[in-house]
Amino acid sequence: MPDAHAADPDDQDLPDTAPPPDPPVRVSLRFEDWLTVLTLAALACITLANVIVRYLTDESFAWTEEISIFLLIVLTLSASSSAFVRLLHIRIELLADGGSPARQRRFALIGGTVSLLFFAGLTILLGRMALDEYNWGDTSPAIGVPTWWYSMWLPVLSAVITLRLAGILRRAWERT
């Protein structure tokens, strides 16, 4: 009797589960991918250590919350960068992928421009925030380290997203 759960090579109803290939980019997406993986791994290890210590001793590592918040922001920004390039970010696909190619191009240009302006502004504001924290000598509440140690990476990652969006916008502009 044949196995009911065995894969049937003739079954064409199953969706293709392989991820689509990465679009052609000048700078490989490996940086963002590895940063995302390493950040998620560090976040998981720190959180697991805190849970184990809290369970065994009824105490917690205060520093884990500060570092976890920072790592969550890094994770969000690094994953967002590659999501934009791979068109896996949040968008209304009915509008973005529907209609004529000219309409799709128009929506890509409008969405790319708005996103580019947002992240360029965010880069400037985050840079000013990091500079203010450096100038004022703010320290973190739990560990007591300068907060600019955390915040200096945010404008860098936001600038990476801005550059990725500029590349997306350039490719959308060149598309006919």
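Residues numbered from 1 in each chain as written. Predicted model: local features only at pLDDT ≥ 70, side-chain atom pairs only at ≥ 80, totals over all residues. Heavy atoms only, no water.

Chemist: A description of the UniProt feature "transmembrane region" (unreviewed entry) in the chain should follow, citing residues and the corresponding values.
Modeler: The residues that UniProt annotates with the feature "transmembrane region" (unreviewed entry) are residues 34-55, 67-87, 107-127 and 147-166. Along residues 34-55 the backbone is 100% helical and 0% strand, and the end-to-end C-alpha distance reaches 31 Å. For residues 67-87, helix accounts for 90% and strand for 0%, while the C-alpha atoms at its two ends are 30 Å apart. (UniProt positions renumbered as here; feature names shortened; annotations may be inferred. Helix = DSSP H or I, 4+ residues; strand = E, 2+ residues; numbered from the N terminus.)

Chemist: Quick rundown of the packing of helix α4 (residues 101-136) against helix α6 (residues 153-174)? Include the residues and the values.
Modeler: Two numbers describe a pair of packed helices, the interaxial angle and the distance between the axes. Two elements in contact, α4 and α6, have axes whose closest approach is 8 Å; the angle formed by their N-to-C orientations is 160 degrees. Between α4 and α6, the angle is such that the two are roughly antiparallel. Helix-helix and strand crossings are classified by hand; for α4 and α6 the assignment is left-handed. The class makeup of the residues in the contact of α4 with α6 is 17 nonpolar, 7 polar and 1 charged. (Axes fitted to C-alpha atoms, helices over the stretch in contact; angles between N-to-C directions. Parallel < 35°, antiparallel > 145°, perpendicular 65-115°, else oblique. Left-handed = near helix turned anticlockwise from the far one by under 90°. Nonpolar A, V, L, I, M, F, W, Y, C, P; charged D, E, K, R; others polar.)

Chemist: How would you explain α4 if you had to name every residue and give the values?
Modeler: Its 36 residues give α4 an end-to-end C-alpha distance of 52 Å, which sits within 8% of 52 Å, the value for a rise of 1.5 Å per residue. For α4, every residue scored as buried is listed here: Leu109, Gly112, Ser115, Phe119, Thr123, Leu126, Ala130 and Glu133. Along its buried surface, α4 packs onto α2 (62-85), α5 (148-151) and α6. Following α4 by one or two positions, Gly137 has its phi on the positive side, about 70 degrees. (Expected span 1.5 Å × (residues − 1). Buried < 20%, exposed > 50% of the residue type's maximum accessible area, 1.4 Å probe, protein only. Contact = heavy atoms within 4.5 Å.)

Chemist: An account of the pattern of salt bridges is needed here, citing residue identities and associated values.
Modeler: The tally for this structure, following the rule as stated, stands at 3 salt bridges. The partner of Glu32 in a salt bridge is Arg164, with the nearest N and O atoms 2.8 Å apart. Residue Glu32 is located in helix α1 (residues 30-57), and its partner Arg164 is located in helix α6; the two are separated by 132 residues in the primary sequence. The same class applies to Glu32 as to Arg164, namely buried. (Salt bridge = Lys/Arg side-chain N within 4 Å of Asp/Glu carboxyl O.)

Chemist: Now, about the nonpolar core: what can you tell me, with residues and values included?
Modeler: Phe84, Ile161 and Leu165 are the most contacted members of the largest nonpolar core, which totals 18 residues. For this core, the secondary-structure elements that each account for two or more residues are α1, α2, α4 and α6. Take this core: its biggest share by element is 6 residues, from α2. Setting aside residues no more than four positions away along its own chain, Phe84 makes contact with His89, Ser115, Phe119, Ile161, Leu165 and Ile168. (Core = buried A, V, L, I, M, F, W, Y, C linked by side-chain atoms within 4.5 Å.)

Chemist: Could you give an account of the packing of aromatic side chains, naming the residues involved and the relevant values?
Modeler: All told, the structure shown has 5 aromatic pairs when counted by the stated rule. With a centroid separation of 5.8 Å and 85 degrees between ring planes, the pair formed by Phe84 and Phe119 is classed as edge-to-face. Of the two residues, Phe84 sits in helix α2 while Phe119 sits in helix α4, which places them 35 residues apart along the sequence. The exposure class of Phe119 is buried, given its relative accessible area of 10%. Relative to Trp148, the ring of Tyr134 lies with its centre 5.2 Å away and its plane at 85 degrees, an arrangement referred to as edge-to-face. In this pair, Tyr134 sits in helix α4 while Trp148 sits in helix α5, placing the two residues 14 residues apart along the sequence. (Phe/Tyr/Trp six-rings, centres within 6.5 Å; stacked < 30°, edge-to-face > 60°.)

Chemist: Outline α1, supporting the account with residue identities and numerical values.
Modeler: An ideal rise of 1.5 Å per residue puts 40 Å on 28 residues; α1 measures up with 40 Å between its terminal C-alpha atoms. When α1 is considered as a whole, its buried residues turn out to be Glu32, Thr36, Thr39, Leu43, Ile46 and Asn50. Lining the buried residues of α1 we find α2 and α6. One or two steps after α1, the chain reaches Asp58, where phi turns positive at roughly 60 degrees.

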